[in-house]
Every structure is written in structure tokens, then in C-alpha cells.
Amino acid sequence: MSSTSIPLPEAHPTGTPSAGTPSAGRLRVVFVGHVDHGKSTLIGRILHDTHSLPDGKLEQAQKASAAEGMVFEYAFLLDALLEEQEQNITIDTTQIQFKTAKRPYVIIDAPGHKEFLKNMITGAASADAAVLLIAANEGVQEQSRRHGYLLSLLGIRQVVVAVNKMDLVGYSEETFRSVQSEYREFLEQIGVVAHAFVPISARNGINVAGRTPDLAEPNPMPWYEGATITERLDIFEPPQPLGALPLRLPIQDVYRFDHRRILVGRVESGTLRVGDRLVFSPNNKTSEVASIENWSGPETTVAYAGQSVAITLKEQIFVQRGHVASHEERAPIESNRFRARLFWMGKRPLRIGQSYKLKLATQELDAEVVSVDRVIDASTLETVQGDRPFIQRNDVAEVVLQTRGALVMDNQDSNPFMGRFVIVDDRQVAGGGIIHGGVYADRSKIKSANIYWSEGNVLPRNRALRNGHHGAVLWFTGLSGSGKSTLARQIERELFNAGRQVYVLDGDNIRHGLNSNLGFSPQDREENIRRVSEVAALMADSGLIVLTAFISPYTQDRRRAREIVLQGGHEFAEVYVEAPLAVCEARDVKGLYKKARAGEISEFTGISAPYEAPLNPEITLHTGTLSIEESVAAVLEYITPRVRAVVEDEVVI
Amino acid sequence: MNASELTLPDYSQHPAYAAKYPAPVPGGSPAFFPEKVSRADADHLDALEAQSVYLIREAFHHFKNLCMPWSMGKDSNVLIWLSRKAFGGHIPYSLLHIDTTYEFPEMLAYRDWAVAYHKLNLIVKINEDARAGTGAYAERGPIGYDTADPVTVTHELKTAALQQVMAEHQWSALITGIRRDEDPTRAKERYFSPRNKDFEWDYKDQPPEFWNQFTTSCAAGEHVRVQALLDWSERDIWLYIQREGIPIPHMYFAREGSDGKRYRFRSLGCWPITGAVESDADSIDKIIEELAHTKTGERAGRAQDHHERNAMQKLRAKGFM
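**Student:** Quick rundown of the overall build of chain A? Include the residues and the values.
**Tutor:** A count of helices and strands for chain A gives 15 helices and 29 strands. Counting all 653 residues of chain A, 48% fall into the buried class.

In C-alpha cells, the structure reads:
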């Protein structure tokens, strides 16, 4: 070994935390825009003008240009596929490294053809910033807008707009200003502020790496005094470090080697230290970090966001792939139902109510879209008209999703890594979504969180195999007299007749025994529902389909019921038994409304106490208009396929 | 055998060594151990390492029956290192060497050394029929650099050999060490890239891949290429080898040719079609320094790449790495 007198990076005494991207220190910039607006040409020009090309590459592109009968095509430096050169379009995204005097970059070329939108997303999803091209001679086009919208959906906030092909419009300032004002208006609608608009000619190298490629040449746009493209790249901010976010370590696998149990995964955000107490969602088991393994490296007691780690635990609890480790404070959300903004790239449309595989970090669950609030045309921002049971390729939609079992997540705006998911169709990633509007529950309220469950040898799947179905909780909520108990009893009978293990919990069997010490104050109502939730969860765990019929007027209480049941790994569905107060009052089977009106009963829901209607229930039954038979049928249709136990490769799903 | 007992024999008569690059001095270890040096851009290497380890662990989780092709070159030795990092020093899958029979003998010595050193479970595959002109090759006769062009030889002795050994072992995934900066078609690759039964790469319709969610299953007979070094550059590879002290073969370092100039290999393949480049770099520091100034492509010395326009695309579409 010779000594290091050459200009290498300085030797570094201590390790530094990694920034958590696949190319820390390399700003990742994606080039997007409508087809043929000059993305590959601009990148080729940047590489050429900054002398970043190896000799062979320029010759290769020259040869290819000659073979296609062209003078010299800068785009061929990136469009390496024969088909791309023949058709002069970009088919798939390319990544290429280059550096300015300030820092190194990864440049991502994204195709602009609508047909290759999936490749554009593949390229853009990992970018820190974007250059969006609009050809001055064609102006703002369909993909100019769609790409702009997708950038905002992917969370890319740093955007520079390059108005290209200025040579084709005589370097007209007026044309530039008009494109700028039209596109700026579009970006405002989606909440994006472009850092700058730069008039360029990629082909002639104007305002790319300099005003002109040759200093002797006159500047055709003296009216533009702003930064060139490469100067703009240097102004982009590096990605924000994720160390300050709460810890999220999705477990990738559990290995056993050298007689030790090793948990592996990547610290997606936050910081992990030996001695930290971790809580693993969705099971809520806790243990302490005993060690951070580092084969061949120095002993370490801390791991930062972005690092792939291997750890051991002090207490050997049950952990498997998909579990997410966090600290006890600032734990993630757990739910089986959530809102998302979704984009679809599948060859087949996404069907409402059909089961797909959903992947979020290392979790994989069956999921379905249960409702679509609206479908947006990303190029016009208009809501697509018409009610349809599917989402088409290239659509963006606001949806509600439901997973089989609890999904651990964050809202995208509070933690990007845990706030996004993909949907798989036909073995391929076919759609992506970002989660919003989820509610963080205080885990300390779930008092059983720190209790170790004894894992007996009889597993839920053993019970499910014997019963032919899984345990589940159907949570009926609604005003007194809306029909909860009547429906629950009727459904119990139907399920019982069909050979299912089923039981109803309602006021009759709970209020008189287990909860006889509780009244109707808000505190007592909360405790009442808490106990019912725990009992229902245990019964579901024992394999039963449990139907609960309680007014349960508070959203918070019902949300906790859901969490308790989901923690046990069982299906939970909220059934909103909806009937107008007047209808319930007219029914008044037990004469309670009359007494409440007379003031003989205080804190009566609907009269003298509030009822918080479910915002997003799995099932809504309008008993004012539906017959009992129709309501029963709706519930049975919903629950039957969801609890079915099927033997497939010896795994009950 | 213990790795430390293996030494280089005398190769001075072997035809692989031409005037430009003489045979090594016999008696030394087949492996070069770099002195560990860590530098200020540790962040960048940390990030590359973390992503590669993540990819390797994903591959291991989703494809129990997987294999890691290993060419003994610098990138493939980094892959071995990353695998050991991922699994606490162990490598829970087989390695595969496709032996074209045109290997530099020094590389074969390195191979045997590394098997002992890393405790590898190595499978060696030669397309014997193609070399001998038997079986499916009876009509065409033996395939070799003396009888066919380099694209054909590369396809038959590497890709066809891979197909044969894949059929035998039914691997559903291969962990490979290709990098985006090596070739423009590789720049368009996915981390997890599906290949059909005929090994074809459907580069015109690749599956979406983002947010670290990959194509993690395939139909029977198909396989997925897990390209764990895609984000790395040639320079990154050298910086990492140096930082970690990863053992590599000696052939990357300059030796003096009979013309008095010094030469080294930047990329190692079959000896009849792999050229040494003029270089004084006899240490990793010098190699890294050289890379900062060179404008020659890494694979410029690899004849099969330049045989015809888009030769790499054609080779790769048919299953070449």
C-alpha cells in the first residue's frame, strides 16, 4: 500500500449517521414532463457540457445517431435501448451519476409517454427534487400536468420548471412568460410552488450548464438573468434527515444462528439504542434491545435512520416479519381501515371489493378498497364523473381501504416510510397510496398493552380449522330503538343455523352482571364499552363470532374496541344501525324515550346525551327503510367470506 | 484445506498471460488484502451498504431457493462481503461459478482460496457439451473463441450454461452484482427484475418498483434477478473494498509488461477477449485516483460488449447478467 498523498476524501476518525437514502450525499433529481419535451436531451446535454461522459459513451451515441440518420442525438446517451433510439422516445427510467463542483447527483430520466407512466413513477418515487420540462413550442400538455400532480403525490416539493426548445420560438420572452403563468396557475391548485422557471434550449446548450456552451457565442436570451439549470440543481436542498422522527423499525426477518435469535430490519426513522424498550405493533409486546450486531465492524450501541440492523432482545417475545418496533411513546397507528390517496398503474383495473395483497414496509396483508370517495383526472384535476366499481390505469383516487387484520401505519405527512403502501396485482406492484387522516391513539389507555400473553399450544388457526371459521367481532352501534339487538339476535340465529360458533353480547347479559356497578355517566359509559370490548376480544380469540349490541355513542370508545380486537388478530367490523331519532322514538319498544322526554331518565342518548355517528363504518343499515331480512342479508353477505377458514398450503388464510 | 495454505503456482507458460500482463510471482497468496482506510464520505458507503443488505435480506425472505452467481471479480467479492454482513458472517445460500474454461488461472486459484476462506458452498458449472461439440451442439461443433464470435461464445458458455444449471437446481432467484454505471442498459434495471422461462428480460415492460417494494414472486420456471449493487459506482466499489479490507484477486493491480509500460485489468472476463489497460495503479488509492481522471469506460476492455451496436442489450435481453 502506498501512502495517501492523493486527493481522496479525508480519512474520517468516527462513523457518522447515514442520512437514510440509498445514495446519501447524492441529491437525487428526476427529470419529468410530456413526451418529446426534451428530458433525455437535456440530461445528455448536462452530462456533455459538464464533461461527465466517458469517451466510449459519446462515440456510442454518435454511432447510434448515425445509424438512425441523425446529426447527433444527445438523448442517445441515456436512451440506450435500440427501440428507444429507433422511436426516439424514452421507454424506461435511467439513473446516472454526475457531479457539479458543489456536490454529486443521481440524475433520473423518466419517460414522458403516458403508456410508460409506471416507469415514470418508478423513477420519480426516489427523487429528492425534480426538473419538469415543458416545450415552449407546444406549451403545457397532458403529461406536464399529470407529472406535476404525481410529483406532489409522491411528496416531491422541490420543483424547477425548464421551459425548453426556446430556439423553436425564437427565444421569445413573451412565449416563456405565457407558459410560466399557465403552469404556475396549475401548480398553485395542487399546492406546489415551483422554485423557478428557466428558459432553455437543451439542444443548443442555452442556460443549461452556462448561458451558452461557448462563451464567444452571443446569448440569445439576454432578458433572462436567473440561474442556469446546473446552477438551479446546486440550489436544491438536501433531503431532511429522518433521525428526528419517532423510531420505526419494521422487522424484515427473524434469524436464528450461532444459538441466538436475531431480529433484522431497517431503521426507517428515528434512532435505536441498546437498552431501549421497544414495543412491537400490532401485538403490543415489549422487550429491551440487548445488542446491535455488527459483523466484522466495531462494537456499536446505536443505529440511525437508514441503517439495516440486526439486534437481539433481552426478553424473548414472539416477533415476526411485519411487526413494527417503536418506542412506547409516539407509537404508530394500528387499524384495519384507513383513508388513502391511491394511484393505479395496473394492466387490469383495481376492482372495489376485490381482495389484493397490500405491502407496507415489511407487512403484507390482504386488503380491499371498500369505498371510493372520488376519482381524479390528474391532468385536469377534475373529478371523474360517474359511479363505477373500479379504478382505471393512471387514475388517482381518494379511497377507504380495509385490511384483513391490523395494519401498522403512520400518516404520510408525519412519517413518509410508514405512510405509504403498494398494492400488488398479478405478482407486480400495480398501485401505490399514501395514508392520511389516521388517528393516533394513546397506547397507555390500552391497559393490557404491557401484559405478556401466554401463548398456549392451541393457536387461533387450530380453532379456526376446527370451527371452519375465524373469530370476529361485529360491533353494532346506533340509537336506542334503532334495531341493534333485534338484528343481532336474528343474525345470531342465521349464523348458528349455518354451523357457526356465535354469541350476542348486549345490555341484557352484560348490564345485569359484569357491568351491574356501572351507570350512564360518560365515565361509566366508557368503562362499560371498555369491558365489553375486552370480553368480545377474548370470545373472538376463543373462536367465536361475537355480535355486540350497545348504543356505544362515542367514536373514541368504538375506536378503542377496534384496536383491542385487532390486537388479537381478529376481524372487526363496525355496523352502524341507522334510523332517524323520530323513527326510534316512534318505535319506543321499552317506553324509554317517553320517560326520557318526561325527564325521568337523565343522560339518555339522542335526547339528553350525544350520539357520535360513525364516520366510516364497514356496514351501514338504514333500518328506517330496509326490512329486517334485507339488513340481516347485508351483514351475512359481508361477514361470511371474511371469517371463512380455508386450508391452503397448510396456512389458514 | 485452510485458506492460508493455498499459494499461487507458476503460471509463466500459460497462454492467458500476454506480453502486456505477465504471470504472477509464484508462491504468494492468491488473495490481496487491502489495508483498511475509512474516509469522510462514509455516509454514502453506509447508505449503499444498508440498501444492499436490505435487498439481500428481502431476497432471502421471499425466495428460499436462491443462488448467488460469483465471478470472483471485485463486485462479486463485495457481494460476498455484504451477504456475510446481512447474515452475521454466514452465507445461507449457494454460490455459483460459471466456468467458461477461459478463466485466468490466477482467478481459479483465487476461487479455491476464497471457498476455504469464506466457507462458501460453491457450485461450478461448465457447459461441457458446448465446449466439446456434443449433445445439443453435435451439429454446430465445439464453441470457443477459436470457432465463434465473442457474442456467441458469451451467450453459450455463460448464459446457456446458467440455463442448464438453473434447470438442474430450480433456483427461483439469483443475487447478481451488476451496476447501473457499467452499461446504459444496466442503468435501466430494477432491483428485482423478473426473467421468463427462456431467461428473457422484458425490458420494454418492466414492473413498477418504488418505495422499496419489489417483484417478490414469480411463476414456476421463471426467476427473479436481485441486483443488489445497482446503485454502486465503480469508485464506490473500490472505496468500500478499501474501507472494509475485503480480499480480492491481484489482477486489478498494475504489472510491468515486456514493453516497459505498466498495465492492469479494470474488469475481468474470459482471457482471450479481456484486455489489460495501461495503468500505474498498483494500490487501491491509485485505482481510485485513476478513476477520478479516466474517461475510458470500465468495460472498454471487454470485446463482447463492442462486437456490434447494442451488443450488450442483445446479450442481456437473452439472459446475460
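Having seen the structure, we can now continue with the description.
**Student:** If you had to explain the sheet that holds strand 11 (residues 277-278) of chain B to someone new, which residues and values would you point to?
**Tutor:** Residues and elements named next belong to chain B. Read from one edge of the open sheet, three strands run 9-10-11, paired in antiparallel fashion. Where the open sheet ends on each side, the last strands, each with one partner, are strand 9 (255-256) and strand 11. Note: strand 9 against strand 10 (residues 262-264), two bridges, orientation antiparallel. By the bridge assignment for strand 10, arginine 255 is matched with tyrosine 263.

**Student:** Could you give an account of helix 12 (residues 555-567) of chain A, naming the residues involved and the relevant values?
**Tutor:** Residue and element names in this part refer to chain A. The first and last C-alpha atoms of helix 12 sit 18 Å apart over 13 residues, in line with the 18 Å expected at 1.5 Å per residue. Of the positions making up helix 12, those classed as buried are Asp557, Arg558, Arg560, Ala561, Arg562, Glu563, Ile564, Val565 and Leu566. Looking at the packing, one finds that the buried side of helix 12 touches strand 15 (333-344), strand 20 (396-409), strand 23 (472-477), helix 11 (522-541) and strand 26 (571-578). Where helix 12 ends, the next residue or the one after it, glycine 569, has phi of about 80 degrees, a positive value.

**Student:** Outline the pairing of strand 7 (residues 223-227) of chain B, supporting the account with residue identities and numerical values.
**Tutor:** Consecutive side chains along a regular strand alternate between the two faces of the sheet. All names here are of chain B. Along strand 7, five of the five residues are buried, which leaves the element largely enclosed by surrounding structure. Residues His223, Arg225 and Gln227 of strand 7 are buried on one face, and the alternating residues Val224 and Val226, pointing to the opposite face, are buried as well. With four bridges joining them, strand 6 (residues 192-195) and strand 7 adopt antiparallel strand pairing. Within the sheet, the bridge partner assigned to phenylalanine 192 lies in strand 7 and is valine 226.

**Student:** Which residues make up unusual backbone geometry, and what are the values?
**Tutor:** Note: most peptide bonds trans; most residues except glycine with negative phi. Residue and element names in this part refer to chain A. Backbone torsion omega between serine 281 and proline 282 reads 5 degrees, so that peptide bond is classified as cis. Here proline 282 lies in the loop between strand 10 (277-281) and strand 11 (285-293). One non-glycine residue, alanine 361, lies in positive phi territory at about 50 degrees. When you line up the elements, alanine 361 lands in the loop between strand 17 (356-360) and strand 18 (363-376).

**Student:** How would you explain the packing of helix 11 of chain A against helix 12 of chain A if you had to name every residue and give the values?
**Tutor:** Residue and element names in this part refer to chain A. One way to put it is that helix 11 packs onto helix 12 with a least axis distance of 9 Å and a crossing angle of 20 degrees. In terms of orientation, helix 11 and helix 12 fall into the roughly parallel class. Remark: the crossing between helix 11 and helix 12 carries right-handed chirality. Residues Glu526, Ile529, Arg530, Ser533, Glu534, Ala536, Ala537 and Ala540 of helix 11 form the contact with helix 12, whose own contacting residues are Asp557, Arg560, Ala561, Ile564 and Val565. A class-by-class count of the residues in the contact of helix 11 with helix 12 yields seven nonpolar, one polar and five charged.

**Student:** Any details on the domain arrangement of chain A? Residues and values, ideally.
**Tutor:** Interfaces are often sized by the amount of accessible area the parts lose when they come together. Residue and element names in this part refer to chain A. Domain boundaries in chain A define domain 1 (27-235), domain 2 (249-327), domain 3 (334-439) and domain 4 (458-652). On a C-alpha basis, the centres of domain 2 and domain 3 stand 29 Å from each other. Taken together, the contacts link eleven residues of domain 2 with ten residues of domain 3. A total of three residues in the side of domain 2 that touches domain 3 trace back to one element, the largest contributor, which is strand 7 (residues 249-257). Of the residues that constitute the side of domain 2 that touches domain 3, the class distribution is four nonpolar, five polar and two charged.

**Student:** Would you mind going over the interface of chain B and chain A in detail, with residue names and values included?
**Tutor:** Listed by partner, the interface residues are 56 residues for chain B and 68 residues for chain A. Contributing elements (two or more residues each) for the side of chain B that touches chain A: helix 1 (42-62), helix 2 (74-86) and helix 7 (284-293) of chain B. If one sorts the elements of the side of chain B that touches chain A by residue count, helix 1 of chain B sits on top with eleven residues. When grouped by side-chain class, the residues that make up the side of chain B that touches chain A number 18 nonpolar, 18 polar and 20 charged.

**Student:** Can you explain the pairing of strand 7 of chain A? Please cite residues and give values.
**Tutor:** Residues and elements named next belong to chain A. Across two bridges, strand 7 lies against strand 14 (residues 324-327) in antiparallel orientation. Across the sheet, leucine 249 pairs through a bridge with alanine 325, a residue of strand 14. Sheet analysis places strand 7 next to strand 8 (residues 260-266), joined by six bridges and oriented antiparallel. Its bridge partner being in strand 8, tyrosine 255 is matched across the sheet by isoleucine 262.

**Student:** Provide a residue-level description of the packing of helix 6 (residues 234-244) of chain B against helix 7 of chain B, including the pertinent values.
**Tutor:** All names here are of chain B. Taken N-terminus to C-terminus, the directions of helix 6 and helix 7 make an angle of 160 degrees; their axes are 10 Å apart at the nearest point. In terms of axis orientation, helix 6 runs roughly antiparallel to helix 7. Considering how the two elements wind past one another, helix 6 and helix 7 form a crossing that is left-handed. Each of Glu234, Arg235, Trp238, Leu239, Ile241 and Gln242 in helix 6 lies in contact with helix 7, whose residues at this interface are Ile284, Ile287, Ile288 and Leu291.

**Student:** Can you break down the nonpolar core residue by residue, with the values?
**Tutor:** Of all hydrophobic cores here, the largest spans 254 residues; its most connected members are Val29(A), Ala124(A), Ala130(A) and Val163(A). Of all the elements, helix 1 of chain B adds the most residues to this core, at eleven residues. Discounting residues that sit within four places of it in the chain, Ala124(A) has contacts with Val30(A), Val32(A), Ala110(A), Ala130(A), Leu150(A), Leu151(A), Leu154(A) and Ile156(A).

**Student:** Can you lay out the confidence of the model for chain B for me, pointing to particular residues and giving the numbers?
**Tutor:** Confidence in the prediction of chain B, expressed as mean pLDDT, is 91, and 100% of residues score 70 or more. Interface scoring of the predicted complex returns ipTM 0.92; its pTM is 0.79.

**Student:** Tell me about the environment of Asn394(A), and name the residues and values.
**Tutor:** Residue and element names in this part refer to chain A. Tracing the chain through its elements places asparagine 394 in the loop between strand 19 (390-391) and strand 20. Each C-alpha atom of the pair asparagine 394 and proline 349 lies 9.6 Å from the other, and the pair is 45 residues apart in sequence. Setting aside residues up to four positions removed in sequence, asparagine 394 forms contacts with Lys114 and Leu117.

**Student:** Could you give an account of the confidence of the model for chain A, naming the residues involved and the relevant values?
**Tutor:** All names here are of chain A. Residues with a pLDDT of 70 or more make up 92% of chain A, whose mean pLDDT is 86. Predicted confidence is poor over residues 444-456, with pLDDT under 50, and the contacts of this stretch with residues over four places away or in other chains come to seven contacts. Predicted confidence for residues 647-653 stays below pLDDT 50, and this span has seven contacts to residues more than four positions away or in other chains.

**Student:** Which residues make up the sheet that holds strand 27 (residues 619-622) of chain A, and what values go with them?
**Tutor:** Residue and element names in this part refer to chain A. Reading across from one edge, 24-25-23-26-27 is the order of the five strands in this open sheet, with parallel pairing throughout. The outermost strands of the open sheet, each flanked by one partner alone, are strand 24 (502-506) and strand 27. Between one strand axis and the next, the sheet turns through 20 degrees on average, direction left out of account. Pairing of strand 26 with strand 27, which is carried by four bridges, proceeds in the parallel orientation. Paired with valine 575 across the two strands is isoleucine 619, which belongs to strand 27. Along the sheet, helix 9 (residues 484-497) makes contact with strand 23, strand 24, strand 25 (545-549) and strand 26, crossing strand 24 at roughly 170 degrees.

Reading the values: rules and limits
Numbering of residues begins from 1 in every chain and follows the order in which that chain's sequence is written. Chain A is the first chain written and ligand 1 is the first ligand written, with later ones labelled in order. The model is predicted, so local features are restricted to residues of pLDDT at least 70 and side-chain atom pairs to those at 80 or more, both for listing and for counting; the totals for chains, interfaces and linings are taken over all residues. Every helix listed is a DSSP run of H or I at least four residues long, and every strand listed is a run of E at least two residues long, numbered separately from the N terminus. Residue burial is a threshold on neighbouring C-beta atoms within 10 Å of the residue's own C-beta, all placed from the backbone, with 20 or more meaning buried, 12 or fewer meaning exposed, and counts in between meaning partly exposed. Note on pairing: DSSP must find at least two bridges between two strands before they are called paired. Helix span is expected to be 1.5 Å times the residue number reduced by one. Note on contacts: each residue gets a C-beta atom placed from the backbone, and two residues are in contact if those atoms are within 7 Å. Each axis is a line fitted through C-alpha atoms, and for a helix only the stretch in contact is used; angles between axes span 0 to 180 degrees, taken between their N-to-C directions. Throughout, the term roughly parallel applies to angles under 35 degrees, roughly antiparallel to angles over 145, roughly perpendicular to angles from 65 to 115, and oblique to all others. Whether a crossing is left-handed or right-handed is set by the direction in which the near helix is turned from the far one by less than a right angle, anticlockwise for left-handed and clockwise for right-handed. Residues were grouped as follows: Ala, Val, Leu, Ile, Met, Phe, Trp, Tyr, Cys and Pro as nonpolar; Asp, Glu, Lys and Arg as charged; and all remaining residues, including Gly, as polar. Note: domain ranges come from an automatic or database domain assignment. By definition, a nonpolar core groups buried Ala, Val, Leu, Ile, Met, Phe, Trp, Tyr and Cys residues that are joined through C-beta atoms within 7 Å. The pLDDT score gives, residue by residue, the confidence of the prediction method on a 0 to 100 scale.

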